[in-house]
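The chain contents come next:
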Amino acid sequence: MLNRRLHLMALAAATLAAGAAQAQSDTVKIGVILPMTGPSASTGKQIDAAIKLFMAQSGGKAGGKKVEVIVKDDNGTANLTARMAQELIVNDKVVAIAGFGLTPLALTAAPIATQGKTPMVVMAAATSAITEASPYIVRTSFTLPQAAVSIAEWAPKHGIKKVATLVADYGPGNDAEKFFVDRFLLNGGQVLEKLRTPLRGADFAPVLQKVRDAKPDALFVFLPSGQGAQFMKQFGERGLDKAGIKLIATGDVTDDDQLNDMGDVALGVVNSHHYSAAHPSAMNKKFVADFEAMNKFRPNFMAVGGYDGMRLIFKGLDATKGAGGDALLAAMKGQLFESPRGQILIDAQTRDIVQDIYIRKVEKKDGQLWNIEFDVQKAVKDPGKTK
Ligand code: VNL
């Protein structure tokens, strides 16, 4: 404990020195921590690709300074995230840390951002409470309550009266289950089973058997990005679709990173999320075309969180003329701009994102699978915030 306190005091002192260094230099650095390897590597790959696209498009300049991005691979391991956050702030003197592929990784970095007085841009992790873990956190991804409440509104109006739920057993899964179930019950629905799978376990057969036996109208699912294809395969193999059990989900499950390889079992799955690669705006069409030309794969919601996070930092640096710390944090609060997903706002009070949430259905167009948006709730604030 004492050791940790000394450590944090050293960090605070180093931060003062870093502030002075930043002010003099022609270059500012942004430290990005991502799972580039390990079970969540697809999240790292998507965000990294989006950052490279943003850097190419922006010319890598903000606030009259050259911007250098340092990417570190934490392998999805929290103690590495913490060490890297510390090193980026103290040694590299970055103006902001960004990335954070999973909730536990974001939570471990939060106190380091606070002590280092360094803005922390959460581009992926989506448990509601993350933004409350440090006053230096701003978020450009989404929250599970945003996604889950919207589908819990849609389902009972479309013949779904009895459900089972299935979520990954950690922060965002807790949020998805709680906010889906509460709203679904409020709307007169019935919940037959609440099931959980371990974050790192990808065998869904036992829980799918329970769902079959319970015979709900639909199964609601949240799993983190990267697990959707495996889940969908087992859903089909176990014959749940043929047994007449519909699948509804947050868009993490019908993730654009894997959707096109899921096959016909995914067709017709209704889900809710903030971003689809099929979003029909001019800005998104250009984003997807440029992204695919550069990277040879389709961007998903993680890519958009990374792309918008970069825009947020760049616009902030423009306002501070390249200064970091509290000035940069202040310049990021309240920003409003058009993203490939639609208009977004960083709520100045909560530092969390306010955005449209779409209801989408998986459809085949020109031989490819897409999440086609057919309904929208505008400007959704995180329903998980108590204040
Ligand atoms: C989280 C939430 C991660 C949603 C995800 O994919 C996701 C998280 C890696 O907060 O850990 O799709």
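In this report, the structure presented in the accompanying data block is examined. (Residues numbered from 1 in each chain as written. Predicted model: local features only at pLDDT ≥ 70, side-chain atom pairs only at ≥ 80, totals over all residues. Heavy atoms only, no water.)

**Side note on the sheet that holds strand 2 (residues 61-62)**
Right, on to step 1. Pairing in this open sheet of six strands is mixed, and the strands run 2-3-1-4-5-6 from one edge to the other. Unpaired on one side and paired on the other, strand 2 and strand 6 (137-139) mark the two borders of the sheet.
Right, on to step 2. Pairing of strand 1 (residues 27-34) with strand 3 (residues 65-73), which is carried by eight bridges, proceeds in the parallel orientation. Note that in strand 3 the partner of Ile33 across the bridge is Lys72. (Pairing = 2+ DSSP bridges. Helix = DSSP H or I, 4+ residues; strand = E, 2+ residues; numbered from the N terminus.)

**Observations concerning the side chain of Asp255**
Right, on to step 1. For Asp255, the position within the fold is in the loop between strand 10 (246-250) and strand 11 (270-273).
Right, on to step 2. It turns out Asp255 is buried and unbridged, and the closest side chain with the opposite charge, Arg360, is 8.0 Å from it.
Right, on to step 3. Engagement of the side chain of Asp255 in a polar contact is seen with the backbone nitrogen of Asp257, the distance being 2.9 Å.
Right, on to step 4. Aside from chain neighbours lying at most four places away, what touches Asp255 is Ser225, Gly226, Met262, Asn300 and Phe301. (Buried < 20%, exposed > 50% of the residue type's maximum accessible area, 1.4 Å probe, protein only. Lys, Arg positive; Asp, Glu negative; His and termini not counted. Salt bridge = Lys/Arg side-chain N within 4 Å of Asp/Glu carboxyl O. Polar contact = N/O pair within 3.5 Å; in protein donor to acceptor, adjacent residues only side chain to side chain. Contact = heavy atoms within 4.5 Å.)

**Let's talk about the pairing of strand 9 (residues 218-222)**
Right, on to step 1. Burial runs high along strand 9: five of the five residues are buried.
Right, on to step 2. Burial of the side chains of strand 9 extends over both faces: Ala218, Phe220 and Phe222 are buried on one face and Leu219 and Val221 on the other.
Right, on to step 3. In this structure, strand 9 lies alongside strand 10, joined through four bridges in parallel fashion. Looking across to strand 10, one finds that Val221 is bridged to Ala249.
Right, on to step 4. After leaving strand 9, the chain enters helix 8 (residues 228-237) and then returns to the sheet as strand 10, a path that is right-handed. (Right-handed = clockwise from strand over helix to strand, strands pointing away.)

**Focus on the packing of helix 2 (residues 41-58) against helix 9 (residues 282-295)**
Geometry of a packed helix pair, given as the angle between the helix axes and the separation of the axes.
Right, on to step 1. It is at 10 Å that the axes of helix 2 and helix 9 come closest, and there the two elements cross at 105 degrees. In terms of axis orientation, helix 2 runs roughly perpendicular to helix 9. Side by side, helix 2 and helix 9 meet where Gln46, Ala49, Ala50, Lys52, Leu53, Ala56 and Gln57 of the first sit next to Lys286, Phe287, Asp290, Phe291, Met294 and Asn295 of the second.
Right, on to step 2. For the contact of helix 2 with helix 9, the residue count by class is seven nonpolar, three polar and three charged. (Axes fitted to C-alpha atoms, helices over the stretch in contact; angles between N-to-C directions. Parallel < 35°, antiparallel > 145°, perpendicular 65-115°, else oblique. Nonpolar A, V, L, I, M, F, W, Y, C, P; charged D, E, K, R; others polar.)

**Observations concerning the nonpolar core**
Right, on to step 1. Ranked by size, the top nonpolar core spans 117 residues in total, and within it Phe180, Leu219 and Phe231 carry the most contacts.
Right, on to step 2. Here the element with the most residues in this core is helix 10 (residues 301-320); it accounts for 10 residues.
Right, on to step 3. Residue contacts for Phe231: discarding those within four places in its chain leaves Leu166, Phe204, Leu208, Leu219, Val221, Leu223, Leu247 and Val253. (Core = buried A, V, L, I, M, F, W, Y, C linked by side-chain atoms within 4.5 Å.)

**What to know about the site of the ligand**
Right, on to step 1. By nearness alone, 15 residues border the ligand, and Thr103, Ala126, Tyr170, Ser225 and Asp252 come closest of all.
Right, on to step 2. Note that an oxygen atom of the ligand is positioned 3.0 Å from one of the backbone N or O atoms of Ser225.
Right, on to step 3. With respect to the ligand, the side chain of Asp252 contributes an N or O atom lying 2.6 Å from an oxygen atom.
Right, on to step 4. Taking 320 Å² as the accessible area of the ligand by itself, protein coverage stands at 100%.
Right, on to step 5. The residue makeup of the shell around the ligand, split by class, is nine nonpolar, five polar and one charged. (Near = heavy atom within 4 Å. Areas by Shrake-Rupley, 256 points an atom, 1.4 Å probe, with all protein chains shown as cover.)

**Things to note about the pattern of salt bridges**
Right, on to step 1. Counting across every chain of the model gives 19 salt bridges.
Right, on to step 2. Residue Asp290 pairs with Lys286 through a salt bridge whose shortest N-O separation is 2.5 Å. Of this pair, Asp290 and Lys286 both sit in helix 9, separated by four residues, roughly a single helical turn.
Right, on to step 3. Residue classification places Asp290 among the partly exposed residues on the basis of a relative accessible area of 22%.
Right, on to step 4. For Lys381, the salt bridge goes to Asp347, with nearest N and O atoms at 3.6 Å.

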